[in-house]
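Examination of the molecular architecture
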Amino acid sequence: MYIPDDSSEVRVRGWRTLAALHCDLERTLEGVLRPHGLSVVEYTVLEALARQDGWHLRMKQLARVAALSDSAATRMVNRLEARGLLARVLCTTDRRGVSTELTAAGRDLLATAKPAHDAALCRALEESPLIGELAALLGSLTETGEPAR
């Protein structure tokens, strides 16, 4: 006997809503970052590097942070390196490994772009009608069924 799982449908609808919200947010952020010469993925990489001790990540970590394949991450690093925003350095613990390191120019650009990025993100989240629609998804992902706070 099959018993329908309503939480499964909630998760599917929630996933679709979350994907739509992500698309809306990315479009908004691309517009805000364009005057700074950055894409959302490039900003994400610079911001992730800025949060690391020593401002560096190994290439595999950078690809994961940016949700890129290894080859796409390499191409992006090439572009950012050509612009002087990051540099490749040999890993001190594994001489075969290569890390990416945020440069002073990268830190400066991030500091310039961050206020506009953060304000646009907050505004978009506050104004999005999709946020309310995600309450059911958040509830289905907790043990109590109540939206996470």
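Residues numbered from 1 in each chain as written. Predicted model: local features only at pLDDT ≥ 70, side-chain atom pairs only at ≥ 80, totals over all residues. Heavy atoms only, no water.

Some points on the pattern of salt bridges
Condition: One speaks of a salt bridge when a side-chain nitrogen belonging to Lys or Arg is within 4 Å of a carboxyl oxygen belonging to Asp or Glu. Note on conventions: DSSP H or I runs of at least 4 residues are helices, E runs of at least 2 residues are strands, and numbering of each starts at the N terminus. Remark: exposure states derive from per-residue accessible area (1.4 Å probe, protein chains only) relative to the maximum for the residue type, with buried under 20%, exposed over 50%, and partly exposed in between.
The tally for this structure, following the rule as stated, stands at 7 salt bridges. Glutamate 42 is the partner of arginine 79 in a salt bridge, and the nearest nitrogen-oxygen pair spans 3.8 Å. Here the residue arginine 79 occupies a position in helix α4 (residues 70-82), and glutamate 42 occupies one in helix α2 (residues 40-50), the gap between them amounting to 37 residues. Residue class for arginine 79 comes out partly exposed when judged on its relative accessible area of 44%. Among the residues examined, glutamate 42 registers a relative accessible area of 8% and is labelled buried. Residue glutamate 81 is joined to arginine 88 by a salt bridge in which the shortest nitrogen-to-oxygen separation is 2.4 Å. For arginine 88, a relative accessible area of 30% gives the class partly exposed. A single network of salt bridges, built from pairs that share partners, joins Glu42, Arg79 and Arg83.

Topic: the sheet that holds strand β2 (residues 86-90)
Inclusion rule: When DSSP finds at least two bridges between two strands, those strands are taken to pair. Note on geometry: axes are C-alpha line fits, over the in-contact stretch for helices, and angles between N-to-C directions span 0 to 180 degrees. Throughout, a contact is declared for two residues whenever any of their heavy atoms are within 4.5 Å.
Spatially, the 3 strands line up as an open sheet ordered β1-β3-β2, and their pairing is antiparallel. Of all strands in the sheet, those bounded by a partner on one side alone are β1 (56-58) and β2. The sheet shows a mean angle of 30° between the axes of neighbouring strands, taken without regard to direction. Here β1 runs beside strand β3 (residues 98-102); their pairing, made up of 3 bridges, is antiparallel. In the strand pairing of β3, histidine 56 is matched with glutamate 101. On top of the sheet, α4 reaches β2 and β3; it is set at about 115° to β2, its chief contact.

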